[in-house]
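# Residue-level structure breakdown
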Amino acid sequence: MPHAGELAALGTATCWVASALAFEGAGRRIGSLNVNLLRLVVAAALLSLWGWIVRGHPWPSDASGHAWRWLTLSGLVGFTFGDLCLFRAFVVLGSRLSTLMLSLAPPLAAVLGWLLLGEVLAPVDLAGMALTAGGVAWAVAERRRWRHGEPVPPVDPGGSRVEGVLLGLGGALGQGGGLVLSKLGMGGYDPFAATQVRVLAGLAGYVVLFTLLGRWRRVAAALGQRAALGLTAVGGFFGPFLGVSLSLVAVQRIEAGVAASLMATTPVLILPVVVLLGRERVGLGGVLGALVAVAGVALLLR
């Protein structure tokens, strides 16, 4: 299929639009840390069902030792370290600036792909990545969340800007690094089974974290929130189950930096959704940024 990797990456970005909205609603009800754990439980169950139906293996028992090592590290880097940094950055730095920091994930993925995988990007790919990342950054910089016509204060007054920037960098590194490590460990292995290894590793990381923090009572309380659990299930389907699996389909076929650039268009794809829902107003800069990002995507799909 022509451009299968690029289309899978754009499919990932589209899935993350749905998962972002679902996780936001769930996080307001039961807290983002609980959502982080429960979404991986949902994804692990869905991936087991998928593997049983499609491959005849409910568990990735046919993965090589090489795949287990690198995919486990990828899951810990991406799901545990990266997402913890990102969700904390949302609180300290605000969602707009935190999302802006994630624009660093594609260049980080490109550098790591060059160092670990020997991937070298053509000048036209670099130009497309620059346009896409620049357009996303421009669009995000123009976004404002509104409540009754007034901007909602995005930051935690107890957190420092330096802490927020470092957390944002950690989120970008987790996203870009997790992608490259996945490609390094996956090789020709099934992307959904590879995602299952990553999810199980990330889930194990959260189990250790919740035990150390003594948060299991909060998880038990969250299980009584049916609306939040429903939203978490929707987000788990479109996020770590389908979206992340498509991201591995993408990096299996194209360079990690290019795939990360296409996946980073989620903030642009979500703009019409949040505008229609009446939750945000988008100025001229947001529209122009979206157009620049689309131009970058078109260049990558040449």
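Quick summary incoming for the structure in this document. Each chain has its residues counted from 1, running along the sequence as written. Per-residue local features of the predicted model are confined to residues with pLDDT of at least 70, and side-chain atom pairs are confined, for both listing and counting, to 80 or more; whole-chain, interface and lining totals are unaffected and use all residues. For the side-chain quantities, the full set of heavy atoms in the structure was used; hydrogens and water were omitted.

## Quick look at the overall build of the chain
Threshold: Segments assigned H or I by DSSP are reported as helices when at least four residues long, segments assigned E as strands when at least two residues long, and all are numbered from the N terminus. With the radius of gyration taken over C-alpha atoms, the globule rule is written as 2.2 Å times the number of residues to the power 0.38. Summary of the burial criterion: residues with accessible area below 20% of their type's maximum are buried, those above 50% are exposed, and those between are partly exposed, where the area comes from a 1.4 Å probe applied to protein chains only. Any pair of residues with heavy atoms lying within 4.5 Å of one another is described as a contacting pair. To measure how exposed things are, a 1.4 Å probe is used in the Shrake-Rupley method; for residues, cover is taken only from the protein chains shown. Charged residues are defined here as Lys and Arg on the positive side and Asp and Glu on the negative side; His and the ends of the chain fall outside this count. Charge positions come from single atoms, namely NZ of Lys, CZ of Arg, CG of Asp or CD of Glu.
Scanning the chain from terminus to terminus reveals 14 helices and three strands. On C-alpha atoms alone, the chain measures out to a radius of gyration of 18 Å, which is about the 19 Å that the 2.2 N^0.38 rule sets for 302 residues. Expressed along its principal axes, the backbone C-alpha trace of the chain runs to roughly 55 × 50 × 35 Å. Counting the 302 residues in the chain, one finds 48% classified as buried. For the chain, contacts bridging at least 24 residues in sequence account for 89% of all contacts bridging at least 6. Summing over all exposed atoms, the chain offers an accessible surface of approximately 13,500 Å²; the carbon and sulfur share of this is 70%. Separation between the mean location of the 22 positive side-chain charges and that of the 13 negative ones in the chain comes to 9 Å.

## So, the environment of leucine 76
Checked against the element boundaries, leucine 76 lands in helix α3 (residues 65-92). Overall, leucine 76 belongs to the partly exposed group, its relative accessible area being 36%. The spatial distance from the C-alpha of leucine 76 to the C-alpha of leucine 291 is 35 Å, given a sequence separation of 215 residues. Leucine 76 has contacts with Phe81, Ala201 and Gly205, leaving out every residue within four places of it along the chain.

## Re the packing of aromatic side chains
What characterises a pair of aromatic rings is the spacing of the ring centres plus the angle enclosed by the ring planes. Our working rule: Stacked, edge-to-face and tilted labels apply to pairs of Phe, Tyr and Trp rings (six-membered ring for Trp) whose centres lie within 6.5 Å, assigned for plane angles under 30 degrees, over 60, and everything in between, in that order. Should the NZ of a Lys or the CZ of an Arg lie within 6 Å of a ring centre and within 35 degrees of the ring normal, that charge is described as sitting over the ring.
By the definition in use, this model includes seven aromatic pairs. Their ring planes at 50 degrees and their centres at 5.6 Å tell us that phenylalanine 210 and tryptophan 216 sit as a pair that is tilted. Phenylalanine 210 sits in the buried class, given a relative accessible area of 0%. Arranged with centres 5.0 Å apart and planes meeting at 85 degrees, the rings of phenylalanine 237 and phenylalanine 238 form a pair that is edge-to-face. For phenylalanine 237, a relative accessible area of 32% gives the class partly exposed. Three or more aromatic residues joined by ring pairs form one cluster here, namely Trp50, Phe192, Phe237, Phe238 and Phe241. Above the ring of phenylalanine 79, the side-chain terminus of arginine 198 is found at 5.0 Å from the ring centroid. Over the ring of phenylalanine 210 we find arginine 215; its NZ or CZ atom is 5.7 Å from the centre of that ring.

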